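Spelled out, the chains give:
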Amino acid sequence: MLRQLRHDVWATDQLIARCRQLTTEQLQLSVPGTYGTVLRTLQHVVSSDEGYLIRLLGVRLHEQLFRHEPDAGLDEIAAHLPHVADAVERLFAAGDLDGDRLIRDTPARRPDQPRSEMNAWAPVAQFVHHGNDHRAQIATTLSAHGIEPPDLQVWPYAMELGAVREAKDT
Amino acid sequence: MDFCRTLDEARLDDQARGTYGSLYGTLQHLVGAEQWYVQLLTSDLIGARIRRGERHTLDELMSIAAAIGARELAVAASDDPDRQIVMDDGKGPRTTVGVILAQLVHHGNEHRTQATTILGSNGVEPPAVSAWAYGRAAGISETGE
């Protein structure tokens, strides 16, 4: 699970790096059936990642919450990814995660929001699903406008780490 | 796929710019890929080989997907994530069970998003397939989207 989450952070980082090569106008592209513009979708991915991790860790990742901010720029979004990466490592620092642990609340809850209880596996699985879902929407938007999206599969990530490599006969 | 079974057959040929292909083609690719991942993991071919260009019914795909899914869960529960696997009948690159399982999750997620994008862009409200929705369907969570 830790590796799955690390891949998720890597994929978002790769996508941000690709987006740095785009123009301001290209960052505002979207297609029907997706969440919104490239930039808004990226912000939604990273701010949601922080939200899941705040719930899982029970502490804020930094003083000011990074909530839904439609005007956030790429630099601001990118600046939050290290918080996500660090929180993922902290989550697993004590060993395997107990998926059945009951989380009773989140420090990110607004006073007017109802409290939700959930087992730890749910926000972890949702973290992976959610990032993947919205990165795929951005890839669709880029492709639909003739822009080659980066390859965010596990294969290139694993190759980068040497976890997929040419087999040597033994 | 359960949701898509309720649609008019012609909707399965719907497409959206920038995605893998038609709604049907995407679902078939998703199941076919998982069939291949499970074969990599276990050496067993589950169900008849799904080949690109062939057209199965959704019921056929769902039947194969259910058997594949059960096997995936069994592998995830019992196999060693660090076990080495050499792809392509021992002639290809070396990888591990954990990498293949991670790719399996990524791949399905990516193409399901393309399927929901096709539905949404053609005016059909897609089903909720998030982990939240799974928790609600399983009766173990009350979280919203």
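Residues numbered from 1 in each chain as written. Chains lettered and ligands numbered in written order. Predicted model: local features only at pLDDT ≥ 70, side-chain atom pairs only at ≥ 80, totals over all residues. Heavy atoms only, no water.

Overview of the overall build of chain A
Each helix and strand counted, chain A has six helices and three strands in total. Walking chain A from its N terminus toward its C terminus, one meets helices and strands in the order α-α-α-α-β-β-α-α-β. Against the globule reference of 15 Å for 170 residues, chain A gives a C-alpha radius of gyration of 17 Å, in line with a compact fold. For chain A, the spread of C-alpha atoms along the three principal axes comes to 55 × 45 × 25 Å. Looking at chain A as a whole, 49% of its 170 residues qualify as buried. Considering only intrachain contacts with a sequence separation of at least 6, the fraction spanning at least 24 residues in chain A is 71%. Side-chain charges of chain A comprise 17 positive and 24 negative groups, with the mean position of each set lying 5 Å from the other. (Helix = DSSP H or I, 4+ residues; strand = E, 2+ residues; numbered from the N terminus. Rg over C-alpha atoms; globule rule 2.2 N^0.38 Å. Buried < 20%, exposed > 50% of the residue type's maximum accessible area, 1.4 Å probe, protein only. Contact = heavy atoms within 4.5 Å. Lys, Arg positive; Asp, Glu negative; His and termini not counted. Charge placed at Lys NZ, Arg CZ, Asp CG, Glu CD.)

Structural notes on the confidence of the model for chain B
On average, residues of chain B carry a pLDDT of 94, and 100% of them reach 70 or more. Scored as a complex, the prediction yields pTM 0.91 and ipTM 0.87. (pLDDT = per-residue confidence, 0-100.)

Thoughts on the interface of chain B and chain A
A common way to report how large an interface is uses the accessible area buried once the components associate. Between chain B and chain A, the contact holds 38 residues from the first and 38 residues from the second. If you sort the residues of chain B by the area they bury against chain A, B:Arg94, B:His106 and B:Trp132 come out on top, with a joint share of 21%. For the interface between chain B and chain A, the tally reads one salt bridge. With a shortest N-O distance of 3.1 Å, B:Asp82 and A:Arg3 are connected by a salt bridge. Looking at which element gives the most residues to the side of chain B that touches chain A, the answer is helix α4 (residues 97-121) of chain B, with 16 residues. The residue makeup of the side of chain B that touches chain A, split by class, is 15 nonpolar, 19 polar and four charged. Pairing of strand β3 (residues 165-166) of chain A with strand β2 (residues 93-96) of chain B involves two bridges; the strand directions are antiparallel. The residue bridging A:Glu166 from the neighbouring strand is B:Pro93, located in β2(B). (Buried area = accessible area lost by both parts, 1.4 Å probe. Salt bridge = Lys/Arg side-chain N within 4 Å of Asp/Glu carboxyl O. Nonpolar A, V, L, I, M, F, W, Y, C, P; charged D, E, K, R; others polar. Pairing = 2+ DSSP bridges.)

As for the layout of surface pockets
If you add up the space inside the second largest pocket, you get close to 1200 Å³. Lining the second largest pocket are 45 residues; nearest its centre among them are A:His44, A:Ser48, A:Tyr52, B:Trp132 and B:Glu145. The set of elements that each furnish at least two residues to the lining of the second largest pocket consists of α3 (38-57) and α5 (121-144) of chain A together with α4 of chain B. When residues in the lining of the second largest pocket are grouped by element, the largest group, nine residues, is from α3(A). Per-class residue counts for the lining of the second largest pocket are 13 nonpolar, 22 polar and ten charged. (1 Å grid on protein atoms, 1.4 Å probe; cavity = no way out; pocket = protein on both sides within 12 Å on 5 of 7 lines; lining within 4 Å. Points joined across faces, edges and corners; volume = space filled by probe spheres on them.)

Examining unusual backbone geometry
All names here are of chain B. Positive phi is not limited to glycine here, since Ser 43 has a value of about 70°. Within the secondary structure layout, Ser 43 lies in the loop between α1 (23-42) and α2 (58-78). Unusually for a residue other than glycine, Asp 89 sits at a positive phi of about 55°. Assignment of secondary structure puts Asp 89 in helix α3 (residues 87-90).

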